Amino acid sequence: MAFCIRLPSRTILEYRLYKSPDFEPLYAVEAACFESPFRFSRRVMRQLIHNDQSATWIAEENGLLTGFAIVEWTREAGATVAYIPTIEVLPEKRGTGAGSVLLAHIERSARAAGAHIIWLHVAEQNSVAIHLYEARGYNHEGREEDFYAPGLAGLVYVKQLSNPLPDPSPPAPRSYLK
């Protein structure tokens, strides 16, 4: 499934799910967005993408990968919870709305997995991302010191997902009184 948005400059941004040939261009975006040691290794990135409890959305402009977002989900205490390990857009493509659209797609994937809550970490210095999350209904719920590196805290943002799709797991057996 792909979604297109036409920008005023006649540029077309297309959004779709990840395919195996996307890995090298996706990792090039990772390298452009983060320097070592803040960048995911190739091994970790592959683990995130190929986890069967995750979805990776791609943003393309004229066939070139310009951004991506990953969401993963787990069952915790009887509920499905989603976590966003990363949303990345090439620096020269920021401000096009790609991050917001990618966020909407991964929220939809989280709902489809039955998630009621979605959360993430964001560097406290990343005011642009914080503004995006707050504008999309995320609430600042905490702070983890040294999350990214010594002295670099991660702020925790959480959003309740309205109208989650039914959990795909089978219903629990019922006991009936006679």
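Our structure's up above, just so we're on the same page.
Let us look at the structure shown here. In every chain, residue numbers begin from 1 and rise along the written sequence. Reporting in this predicted model follows two pLDDT cut-offs: at least 70 for local features of residues, and 80 or more for side-chain atom pairs to be given and counted; totals over whole chains, interfaces and linings ignore these cut-offs and use all residues. Computation of side-chain values covers all heavy atoms of the structure but excludes hydrogens and water.

Thoughts on a nonpolar patch on the surface
Heads up, the condition is: Nonpolar side chains (Val, Leu, Ile, Met, Phe, Trp, Tyr) are joined into patches within 5 Å and like charges within 9 Å, using only residues with over 30% relative accessible area and no salt bridge. Calculation of accessible area relied on Shrake-Rupley with a 1.4 Å probe; when residues are assessed, cover is drawn exclusively from the protein chains displayed. A pair is scored as a salt bridge if a Lys or Arg side-chain nitrogen falls within 4 Å of a carboxyl oxygen belonging to Asp or Glu. Starting at the N terminus, helices and strands are each numbered in turn, a helix being any DSSP run of H or I of at least four residues and a strand any DSSP run of E of at least two. For every residue, the accessible area (1.4 Å probe, protein chains only) is compared with the maximum for its type, and the residue is labelled buried under 20%, exposed over 50%, or partly exposed between those bounds.
Taken together, the side chains of Phe-34, Phe-38, Phe-147 and Tyr-148 make up a nonpolar region of the molecular surface, amounting to roughly 330 Å² of accessible area. Within the fold, Phe-147 resides in strand E7 (residues 139–149). In this structure Phe-147 comes out as partly exposed when scored by relative accessible area, which is 33%.

Brief notes about the packing of aromatic side chains
Heads up, the condition is: Geometry of aromatic contacts follows a simple scheme: Phe, Tyr and Trp rings, the Trp one being its six-membered ring, pair when their centres are within 6.5 Å, and the pair is stacked under 30 degrees between planes, edge-to-face over 60, tilted otherwise. Counting as a charge over the ring demands two things of the Lys NZ or Arg CZ atom: a distance within 6 Å of the ring centre and an angle within 35 degrees of the ring normal.
What the rule picks out here adds up to four aromatic pairs. Measuring from centroid to centroid gives 4.4 Å for Tyr-83 and Trp-119, while their planes differ by 55°, and the two rings are tilted. Of this pair, Tyr-83 sits in strand E5 (residues 79–89) while Trp-119 is found in strand E6 (residues 115–123), placing the two residues 36 residues apart along the sequence. With relative accessibility at 25%, the residue Trp-119 sits in the partly exposed group. Of note, Arg-46 hangs over the ring of Phe-23, and the distance from its end group to the ring centre comes to 3.8 Å.

Here's the deal with the side chain of Arg-16
Rules: Contacts described as polar in this section are N or O atom pairs within 3.5 Å, which, within protein, must combine one atom able to donate a hydrogen with one able to accept it, while residues neighboring in sequence count only if both atoms come from side chains.
Within the secondary structure layout, Arg-16 lies in strand E2 (residues 12–17). Side-chain polar atoms of Arg-16 contact the side chain of Asp-22, separated by 2.7 Å. Here Glu-60 takes part through its side chain, which lies 2.8 Å from a polar atom of the side chain of Arg-16.

What to know about the pairing of strand E3 (residues 54–61)
The test is simple: Think of it this way: DSSP has to see at least two bridges between two strands before they count as a pair.
Counting buried residues in E3 gives eight out of eight residues, a clear majority hidden from the surface. The two faces of E3 match: Ser-54, Thr-56, Ile-58 and Glu-60 on one face and Ala-55, Trp-57, Ala-59 and Glu-61 on the other face are all buried. By the bridge criterion, five bridges tie E2 to E3 in an arrangement that is antiparallel. Bridging from a neighbouring strand, Tyr-15 pairs with Ala-59 of E3.

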